[in-house]
Amino acid sequence: MESMYEKLMELPLFQGASRDKLAELIEKTPFHFVKYTAGEQIVETNEECTHIRFILTGDVRIDLSSANRRVTVSETLVGPNVIGPDYLFGRNTFYPFNATAITDCGVLQIVKSDFINILMSDKVFMFNMLNVLSRNSQKGTFGIMALSSGSIEERLAFIITSLTQRGSKDIKLTYKQKDLCCILGVQRASLVSALERLRKEDIIEYTLSEISVNSREDLLKILHSDEN
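For clarity, every value in this text was computed on a predicted model and none was experimentally measured.

About the cut-offs
Residues numbered from 1 in each chain as written. Predicted model: local features only at pLDDT ≥ 70, side-chain atom pairs only at ≥ 80, totals over all residues. Heavy atoms only, no water. Pairing = 2+ DSSP bridges. Helix = DSSP H or I, 4+ residues; strand = E, 2+ residues; numbered from the N terminus. Axes fitted to C-alpha atoms, helices over the stretch in contact; angles between N-to-C directions. Contact = heavy atoms within 4.5 Å. Parallel < 35°, antiparallel > 145°, perpendicular 65-115°, else oblique. Nonpolar A, V, L, I, M, F, W, Y, C, P; charged D, E, K, R; others polar. Buried < 20%, exposed > 50% of the residue type's maximum accessible area, 1.4 Å probe, protein only.

## A look at the sheet that holds strand E11 (residues 210-213)
Part 1 of the argument: Taken in spatial order, the 7 strands of this open sheet run E2-E7-E4-E5-E9-E11-E10, and their pairing is antiparallel. The open sheet has two edge strands with one neighbour each: strand E2 (41-43) and strand E10 (204-206). Within the sheet, the average angular offset between the axes of one strand and its neighbour, ignoring direction, is 20°.
Part 2 of the argument: Relative to strand E5 (residues 71-78), strand E4 (residues 59-65) runs antiparallel, the two being bridged by 7 bridges. Paired with Asp-59 across the two strands is Val-78, which belongs to E5.
Part 3 of the argument: Of the strands in this sheet, strand E9 (169-175), E10 and E11 touch helix H7 (residues 188-200), which is tilted by about 135° from E10.

In structure tokens:
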């Protein structure tokens, strides 16, 4: 039970809660603990988000692809973490990505109606959720400005950070150069020059078909945002 409290207190949406409150939740709320083996799929693209899913242990790979599969953004979430909390509420409640266990994983699932009761039971939980949703929604402000008048580096930073979660690692953008140039509205030579500048700053590594992100935080700084 001690380790259970510790894991819950590390989760982004439970941080700051008292031990007594967590004990009450464990006693009253139906928590569903699911184990996934390495290679097993946790979430499928276009699956409806009916539960909030917390990674307690293990690593999960998220793959988000364009409709034609020519551009894909991938990231690894390490427990404790949460999978796509943005899709529990709102107009579109369907996951746009696949989530697959890289290692053996322990996942806590809470059905939406029960999670709403949790949010309403304590201001700490409500503010944590509001902060997550607000932080993610505010990305758009900086991104729109970057896409309309920003540098290529700012445009790339917006695309990558807006499609990945806070605290993720091993972020990769795989692409065909023609498609990425079209998305960014630039010529190939300009794209390569921007990638080389980012590489020299040790923010990314890249090949003709893949960008590997060394520092998501440094990409966020390019957008002149203090959000991370």
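## A few points about the packing of helix H5 (residues 152-162) against helix H6 (residues 177-184)
The relative placement of two packed helices comes down to the angle between their axes together with the axis-to-axis distance.
Part 1 of the argument: Across the interface, H5 lies against H6 with an axial gap of 10 Å and an inter-helix angle of 100°. Between H5 and H6, the angle is such that the two are roughly perpendicular. Residues Ile-152, Arg-155, Leu-156 and Ile-159 of H5 form the contact with H6, whose participating residues are Leu-180, Ile-183 and Leu-184.
Part 2 of the argument: A per-class count over the contact of H5 with H6 returns 6 nonpolar, no polar and 1 charged.

## Let's talk about unusual backbone geometry
Part 1 of the argument: Of note, the bond from Gly-79 into Pro-80 is cis; its omega dihedral lies within 30 degrees of zero at 5°.
Part 2 of the argument: With a phi close to 65°, Arg-69 is a non-glycine residue in the positive phi region.
Part 3 of the argument: You can see Arg-69 is positioned in the loop between E4 and E5.
Part 4 of the argument: Of the residues examined, Arg-69 reaches a relative accessible area of 56% and is grouped as exposed.
Part 5 of the argument: At Asp-202, a position not held by glycine, the phi torsion is positive, near 65°.
Part 6 of the argument: For Asp-202, the location among the structural elements is in the loop between H7 and E10.
Part 7 of the argument: Note on Asp-202: relative accessible area 48%, which makes it partly exposed.

In short, shape yes, function no, at least from these values alone.
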